[in-house]
Amino acid sequence: MAVQTFLFASLIIFSSSIESNHGATEVSLFTNLENSLEVTATRVGVVLEAGKDMVRITWMLKSSAKVDDDAAFKTVEVKLCYAPISQVDRPWRKTHNELSRDRSCPHKIVSKPYDNIPQSLNWTIDRETPTGTYFVRVYGIGVNGQEVAYGQSSDAEKTTNLFSVEGISGGHTSLDIASICFSVFSFGSLLVFLVKEKRKAKLQQRK
Amino acid sequence: MAHRNEEEGSIGTSMHGVTAKEHVFSFSDQGEDAWSSHSVQSDDPTAMFAFPVDSEHKAKMYPNISLHHLVPIIRDNLDLTKTDIGNAGVASVSGAIFSRLAMGAVCDLLGARYGTAFLLMLSAPAVFSMSFVADAGGYLSVRFMIGFCLATFVSCSYWTSVMFTGKIIGLVNGCAGGWGDMGGGVTQLLMPMVFHIIKVAGATPFTAWRIAFFIPGFLQVIMGILVLTLGQDLPDGNLSTLQKKGDVSKDKLTKVFWYALRNYRTYVLFILYGFSMGIEMTINNVISEYFFDSFEQGFQLELHTAGMIAASFGMANFFARPIGGFASDVSARFFGMRGRLWTLWILQTSGGLFCVWLGRATSLPIAILAMMLFSFGVQAACGAIFGIVPFVSPRSLGIISGLTGAGGNFGSGLTQLAFFSSSRFHTADGLSLMGITAMIFTLLVAFIHFPQWGSMFLGPTSDSRTSKEEHYYVAEWTEEEKLQGLHEGSLKFAENSRSERGKKAAPDGTSTPLENENPANV
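None of these values were measured; they are calculated from a predicted model.

A.B. asks: Give a detailed account of the overall build of chain B, specifying residues and quantitative values.
C.D. replies: A tally of regular secondary structure across chain B gives 21 helices and zero strands. Taken across its 522 residues, chain B has 62% of its residues classed as buried. Excluding contacts between residues fewer than 6 apart, the proportion of contacts in chain B whose partners are at least 24 apart in sequence is 79%. As displayed, chain B offers around 17700 Å² of accessible surface, 67% of which is attributable to carbon and sulfur atoms.

A.B. asks: So, the nonpolar core: which residues are in play, and what are the values?
C.D. replies: Core analysis: the biggest nonpolar cluster contains 71 residues, and B:Leu344 and B:Ile385 have the highest contact counts within it. Each residue touching B:Leu344, except ones within four places of it in the same chain, is listed here: B:Leu272, B:Ala381, B:Ala384, B:Ile385, B:Ile388 and B:Val445.

A.B. asks: Talk me through a nonpolar patch on the surface; I want residue IDs and the actual numbers.
C.D. replies: Residue and element names in this part refer to chain B. Taken together, Leu253, Phe257, Leu261, Tyr264, Tyr267 and Phe447 make up a surface patch of nonpolar side chains, about 550 Å² in accessible area. Mapped onto the nonpolar patch, the elements with two or more residues apiece are α11 (253-262) and α12 (264-274). Broken down by element, the nonpolar patch gets its largest block of residues, three residues, from α11. Looking at the element boundaries, Tyr264 is found in helix α12.

A.B. asks: Outline the UniProt feature "transmembrane region" (unreviewed entry) in chain A, listing residues and values.
C.D. replies: Here the UniProt feature "transmembrane region" (unreviewed entry) sits at residues 177-195 of chain A. End C-alpha to end C-alpha, residues 177-195 of chain A measures 27 Å, and it is 100% helix and 0% strand.

A.B. asks: Tell me about the sheet that holds strand β3 (residues 54-61) of chain A, and please be specific about residues and values.
C.D. replies: Residues and elements named next belong to chain A. Strand order in this open sheet of three strands is β1-β3-β6, and the pairing throughout is antiparallel. Lying at the two open borders of the sheet, with one neighbouring strand each, are β1 (37-43) and β6 (119-124). Direction aside, the axes of adjacent strands within the sheet are offset by 20° on average. Direction of pairing for β3 relative to β6: antiparallel, over a ladder of six bridges. From the neighbouring strand, Ile57 faces β6, where its bridge partner is Leu121.

A.B. asks: A description of the pattern of salt bridges should follow, citing residues and the corresponding values.
C.D. replies: Under the counting rule described, the total for this entry stands at nine salt bridges over all chains. The salt bridge involving B:Arg113 is made with A:Glu197; its shortest N-O contact spans 2.8 Å. Remark: A:Glu197 occurs in helix α2 (residues 173-206) and B:Arg113 occurs in helix α4 (residues 112-128); the pair is interchain, linking two chains. By the burial criterion, B:Arg113 is buried, and A:Glu197 matches it. Note that B:Glu469 is salt-bridged to B:Arg498, the shortest N-O span being 3.5 Å. With B:Glu469 in helix α19 (residues 469-474) and B:Arg498 in the segment after α21 (488-496), this pair connects stretches of sequence that are 29 residues apart. The class of B:Arg498 is buried, set by a relative accessible area of 9%.

A.B. asks: Help me get a handle on the side chain of B:Thr349, residues and values and all.
C.D. replies: Summarising the element assignment, B:Thr349 is placed in helix α15 (residues 317-360). B:Thr349 has contacts with B:Met439 and B:Thr442, leaving out every residue within four places of it along the chain.

A.B. asks: How would you sum up unusual backbone geometry? Please name residues and give values.
C.D. replies: Within the chain, A:Lys158 stands out as a residue other than glycine whose phi angle is a positive 60°. Note that A:Lys158 resides in the loop between β8 (147-152) and β9 (163-166). Owing to a relative accessible area of 13%, A:Lys158 belongs among the buried residues under this scheme. The backbone of B:Asp79 shows a phi angle near 55°, a positive value even though the residue is not glycine. Take B:Asp79: it is sitting in the loop between α2 (34-77) and α3 (82-110).

A.B. asks: Residue-level account of helix α16 (residues 364-388) of chain B, with values.
C.D. replies: Relative to the 36 Å expected for 25 residues at 1.5 Å per residue, α16(B) spans 37 Å between its end C-alpha atoms, a close match to the ideal helical length. In terms of burial, α16(B) is largely enclosed, as 20 of its 25 residues are buried.

A.B. asks: Give me the state of the cysteines: which residues, what numbers.
C.D. replies: The final tally for this structure, using the stated rule, is one disulfide over all chains. Two residues share a disulfide in this structure: A:Cys81 and A:Cys105, whose sulfurs sit 2.1 Å from each other. Classification of the bridge connecting A:Cys81 and A:Cys105 rests on its S-S torsion, roughly 105°, and on that basis the disulfide is right-handed. Placement of the pair is A:Cys81 in strand β4 (residues 75-82) and A:Cys105 in the loop between β4 and β5 (107-113), with a sequence separation of 24 residues. Comparing A:Cys81 with A:Cys105 shows no difference in burial state: the two are buried. Take B:Cys107: it sits in no disulfide, and the sulfur closest to it among the cysteines is that of B:Cys156, at 8.6 Å. The exposure class of B:Cys107 is buried, given its relative accessible area of 0%. Unpaired in terms of disulfides, B:Cys149 finds its nearest cysteine sulfur in B:Cys156, a separation of 11 Å. The exposure class assigned to B:Cys149 is buried, which follows from its relative accessible area of 1%.

A.B. asks: Help me get a handle on the confidence of the model for chain A, residues and values and all.
C.D. replies: On average, residues of chain A carry a pLDDT of 82, and 85% of them reach 70 or more. Low pLDDT (under 50) marks residues 16-25 of chain A, which in the prediction has 10 contacts with non-local residues, meaning those over four places away or in another chain.

Conventions we followed
- Residues numbered from 1 in each chain as written.
- Chains lettered and ligands numbered in written order.
- Predicted model: local features only at pLDDT ≥ 70, side-chain atom pairs only at ≥ 80, totals over all residues.
- Heavy atoms only, no water.
- Helix = DSSP H or I, 4+ residues; strand = E, 2+ residues; numbered from the N terminus.
- Buried < 20%, exposed > 50% of the residue type's maximum accessible area, 1.4 Å probe, protein only.
- Contact = heavy atoms within 4.5 Å.
- Areas by Shrake-Rupley, 256 points an atom, 1.4 Å probe, with all protein chains shown as cover.
- Core = buried A, V, L, I, M, F, W, Y, C linked by side-chain atoms within 4.5 Å.
- Patch = residues over 30% accessible without salt bridge, like charges linked within 9 Å, V, L, I, M, F, W, Y side chains within 5 Å.
- Salt bridge = Lys/Arg side-chain N within 4 Å of Asp/Glu carboxyl O.
- UniProt positions renumbered as here; feature names shortened; annotations may be inferred.
- Pairing = 2+ DSSP bridges.
- Axes fitted to C-alpha atoms, helices over the stretch in contact; angles between N-to-C directions.
- Expected span 1.5 Å × (residues − 1).
- Disulfide = S-S within 2.5 Å.
- pLDDT = per-residue confidence, 0-100.

Structure below.
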């Protein structure tokens, strides 16, 4: 019981030190953001392989935006986001209006200081990217670290201009061989024991 | 006698009333002179016995629980949906329903040692084959196959039930079962560490989790070898040796099965265990995800914190289940079997109640508190159930243990399917509904009635013939079998089970006239 109480107490202490977003003075909502960035993502080929293929990403201020709309930007964050089809039946990738609780854009591509000129990037898809359908979103981050504007390579419903990524399998031939060897060892040692015991029993019976 | 005092003493239980005539095993027919050979040959193996069996359990839970913490990595690697994960969870516990039933029969006929070792070493390849899995179908099949090794629970509880006496059986089964289930909690702590070390060594996450799976595989093979080399089936030796010497009778599978199925208490225990162990297994499957993904609840946690919380749920087994078994034994001392039944009802109902509270929790500290109380209630209830199982039928002990164990898996599969596999309920609502269902089914405890000891609300029968323990236990043997003397083990068991009368038990050392001739107590 002592261990249980200790575990419980340490968890309470731990949990009170976990940041709670309810204490934040201002909550960043997606719907509050200005869609003032124009983002494109082009690729070669239909299905891209993680770790191998490349996507060319460009972003710039929209021509329709007001003159000093980008005065608030300090940095831009380019993120890889799940398309709705990759979110179906996967509540851990849910889109949430409150940006700190949003789980739909977990993969960060790059974070750069903002330059008032069109920028581009040739990005090789990260090897740890899981299989899925994606689009690219760029957030404009203000001085206080919160998002103030965004742009994405797809439309508002996230149906156009999507690209698929094929993740790595994680398997290796050496792993497969090792697992076969150990399985054979397991069967083999069982057989050896059984044979030994049968022999011992026969010897004892003869005595 | 020396060896048995050692075992009992090492568990730290009361030994009141231990006389020279107290027998531990259900089948053996040792005479007076065999005691001397006990202290010579059985000393070492049985003293070491306790360890292979207990740590054995831990190895059993490893492969199954290893997955839970790594699921966020695995679901990305294999592109799984919530339905895939839910189905795999159901599959992992369903495989064990059949294997637990089969294991019960194997124990009755071949002994617990072979049963355990075969299962461990034959299912180790399933654990190793995790490295091949590439999609949802493969994931489901491998989890199904790994689930088979949960049957070691049956062989271990059978093993402890034949090695230890009825007065402490609650505590013993509680320790063996509880420390085994604790293995689940240990895994939740260990696997992330192993995974992290492998990642640091240079592997990508999608490879690292596959490598991490070799650890439980190794442990399984090692435990299988230890069981074969260090264990023995019965206090007097191994089953095949004793059967050849004629000390233990060989029983027929059909008979053993029939007497288990004929006893209605088997079915009640099947359902009851489904709502103690069953919901415990379900929680093992859903709790890390619940804490990690609970953005709906308003609290977000890092992966390792969620893992830690889930681990503490499993770790509570170290105390909770033995305490449940111990509480069962203590209540039996005062109130006999009725005490055991009430203890079970109280523990399991409070488990269900705290499950409802967990579902309703809105803040992290409350959720954790509810979870700890829930874990204690439910795990102690598991311990209490196995304080009752050994008394239902010594002849079919294996099958009944197997059926009860299978009930746990069945309950887990059912609750996962009903409450956690679709997007119909939020996980939190699923928890509350599961708790309410558990409380309703726990009312079935009131229906367990023994003619010689009574039940929760009724006393023992007043008929002088049927109110004897011997009548209940010998009723499982036919006249021809009795003529052959095959029922001797049951008679001895009946004599020892008189302790389940509580305070009204006849003082140890004196005996009431038995139906057959036996050496009179000195």
